[in-house]
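Next come the chains, spelled out residue by residue.
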Amino acid sequence: MKSHATRVELIEVAQGRRPADLFIKGGTVINVYSGEFLPQNVAIYKDRIAYIGNSEAAIGEHTRVIHAEGKYVSPGFIEPHAHPWVVYNPVSLTMKSLSSGTTTLVNDNLFFYLHMGASGFKAMLQDLRELPGNNLWLVRLVSQAEYPSERDEFNAGDVRSLLELEEVVGTAEITRWPLLYKGDPFVIDTIEYAKRLGKISDGHTAGCSYEKLNSIVAAGISACHEAITAQEALDRLRLGMWTTLRNSSLRPDFPEIMKLITENKVSTNRILLTTDGPHPAFIEEQGSVDGLLRIAVELGLTPMQAIQMATINPATFLGLDQEVGGIAPARRADVLILPNLVDFRPELVISAGTIVALKGQTLVSPPVIDWMKYVAKPAFTMERTLLQHPDLYRYPHTSSAEPVPVIYFQSNVITKKKDTELPVNNGYADLSKHPGLVMANLIDRDGQWITKGIMERFAVDLDGMASTYNTTTQLLVIGRDAEAMAKAAARVHELGGGIVIVDRGEIIVEIPLPLAGMMTTDPEFHKAVEYQEVLLSELKKRGFPFHDILYTLLFLTCDFLPGLRLIPLGLYDVKAGGVIKPAAAIETERV
């Protein structure tokens, strides 16, 4: 991280021979290095901290003095595992996070890379340097669902060129962790390359046993956020992994996994905290890292433990503890003024020496970003007229005696295979006497293939919905009425990506998501909240029984969570580890 202040200038400010730009006076400094609360002043020059102590010599004629008597002076919070594409975008998420004290975000690049390629992603990072806050990135080595050209797109040359960027601090989670277990050459070699650059490799090991975790750690994975019990977290910690405790919209895990600390009494110096890309309303209601701290302390952690887990621990994990994570000379001036150690809502937020937020309101404006200039290919290359044929969405079925493998939802994201006998009508499955079933199709945006399935316990009264918001960003079309499905799909095509619901022949929900089919380009965070709440409300009216629709859509098309999945290769049985109904070429479908 480049400093605008020279070391000589910082020395002069520390000695009182050069005036500070900002001087925080009379507060209690939270020293995350020693674990102490100390009554000290803090002098800031340009974008760096120059002095911490009892002297006031750095106050000059033009120094802005911030009086912090009776308040706490904290390092800025760090989110080590962010997904800046859950309808919101990197700008809106950064501005929202800054307002509540999260000054560093470590972002996942998946969908940007899929739609921008290496050159477009690099151009985006160049423009995002003007964004307030400290935005860092992790780069994916594979997607979240295998597809035919995956290995060509995630190639060594492009991925390594991204790892060499200053903003990139390592490799992102590999959700398909069996690749690591089996020693996939590309994945292992790329992790090794990242380590030679001094960068980390994040992990995702959901469902991985202690015995198999040994192989994952041997493969070079540095951390994991997927523990959902205290024992799973302890397994990861004991094997040398940085153990990231998660509390998110999909997985509000803190009450259980905090027992790792409150009952097992383990050292917390290798434990991190994350929100793991929650839906927009979760952030609006519960905050970002500040919300994690509130809950952690309520569950029995000391305020110092919690703050260390949200500041110096992630900084050390990232290899950046000489730059961020604490209040010390030459560190980046990311500083919060906290009225108390109960709600952790900052009164004042300083990022790189600039006051960026006051009482929850940002004081700086983000850069205007033309997102679409980075995108390497059009949203759709298929003709929209192809999507207007209702037969495209019907499930081919020729024998009522042959069971259909139905995707049965057990929870928001966990499914199972449920063989169901269905009648036949003109060569297709007849769902008219099965009100709990809907048709589901994943359609290639280039019009080459289609994966078909039938789902149960999704939204029983849904006529038609189309969405590019899913882990493949292809077109996912769901419903009971093929005509409504066709209308929804055609409208998403017109929008260039998004989510559309059709009911009784009319469009009742329309959410444009032109950026990778996943994100609004609106810089205001409340727009993402509005979209999510409308979508969830309308689907609940139509029988959706769960709480996090965005993650239901996102993970329906992955290939690493239990049950049946719709992926580009076909209807995929994760437990069996194979495709049970291959994707079909669209030109062979009766449309």
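For every chain, the first residue of its written sequence is number 1, and the numbers climb from 1 along that sequence. The predicted origin of the model limits local features to residues at a pLDDT of at least 70 and limits the giving and counting of side-chain atom pairs to 80 or more, whereas totals for whole chains, interfaces and linings rest on all residues. Based on all heavy atoms of the structure, the side-chain values leave hydrogens and waters out of the count.

Draft legend 1. Molecular detail of unusual backbone geometry. You will see that Phe-344, though not glycine, has its phi angle at about 60°, which is positive. In this text, helices come from DSSP runs of H or I with a minimum length of four residues, and strands from runs of E with a minimum of two, each type numbered from the N-terminal end. Its location among the elements puts Phe-344 in the loop between strand E16 (335-338) and strand E17 (348-351). Phi is positive for Lys-359, close to 50°, though the residue is something other than glycine. Relative to the helices and strands, Lys-359 is located in the loop between strand E18 (354-358) and strand E19 (361-362).

Draft legend 2. Geometry of the sheet that holds strand E9 (residues 102-108). Strand pairing follows a simple DSSP-based rule, namely that at least 2 bridges must link the two strands. With parallel pairing, 5 strands are arranged side by side in an open sheet as E8-E9-E10-E11-E12. Sheet topology places strand E8 (77-82) and strand E12 (200-201) at the edges, where each strand pairs with a single neighbour. In this structure, E8 lies alongside E9, joined through 4 bridges in parallel fashion. Each bridged residue has a counterpart across the sheet, and for Ala-82 the counterpart in E9 is Asn-107. Along the sheet face, helix H2 (residues 90-99) touches E9 and strand E10 (134-139) and points at about 150° away from the line of E9. Contact between two residues is taken to exist if any of their heavy atoms lie within 4.5 Å; hydrogens are not considered. Structural elements are reduced to axes, namely lines fitted to C-alpha atoms, with helices fitted over the stretch in contact, and the angle between N-to-C directions of any two is expressed from 0 to 180 degrees.

Draft legend 3. Representation of the UniProt feature "domain: Adenine deaminase C-terminal" (unreviewed entry) in the chain in the model. UniProt positions are given in the numbering used here, feature names are shortened, and annotations may be inferred rather than shown by experiment. Mapped onto this structure's residue numbering, the UniProt feature "domain: Adenine deaminase C-terminal" (unreviewed entry) falls at residues 413-576. Span residues 413-576 is 24% helix and 34% strand, its end C-alpha atoms 18 Å apart.

Draft legend 4. Region of interest: the packing of aromatic side chains. Here the aromatic set is Phe, Tyr and Trp, taking the six-membered ring for Trp, and pairing holds for ring centres within 6.5 Å; pairs whose planes are under 30 degrees apart are stacked, those over 60 apart are edge-to-face, and all others are tilted. The tally for this structure, following the rule as stated, stands at 12 aromatic pairs. On the basis of an interplanar angle of 70° and a centroid distance of 5.7 Å, the ring pair of Phe-458 and Phe-544 is categorised as edge-to-face. Highlighted residues: Phe-458 in the loop between strand E25 (449-456) and strand E26 (464-467) and Phe-544 in the loop between helix H17 (525-541) and helix H18 (549-556), separated in sequence by 86 residues. Grouping residues by exposure puts Phe-458 and Phe-544 together as buried. Among the aromatic residues, ring-to-ring pairing joins Phe-409, Phe-458, Phe-544 and Phe-546 into one connected group. Distance and angle both matter: a charge sits over a ring if NZ of Lys or CZ of Arg is within 6 Å of the ring centre and within 35 degrees of the ring normal. The ring of Phe-380 carries the charged tip of Arg-445 above its face, separated from the ring centre by 5.2 Å. Sitting above the plane of the Tyr-395 ring, Lys-581 keeps its charged end 5.2 Å from the centroid. Buried means the residue's accessible area, taken with a 1.4 Å probe over protein chains only, is under 20% of the maximum for its type, while exposed means over 50%, and partly exposed covers the values in between.

Draft legend 5. Structural context of the pairing of strand E20 (residues 404-409). The buried fraction of E20 is high, at 5 of 6 residues. Where E20 lies against strand E21 (residues 415-420), 6 bridges are found, and the strand directions are antiparallel. Following the sheet pairing, Pro-405 is matched in E21 by Asp-419. Counting the residues between successive antiparallel strands, the hairpin from E20 to E21 contains 5 residues.

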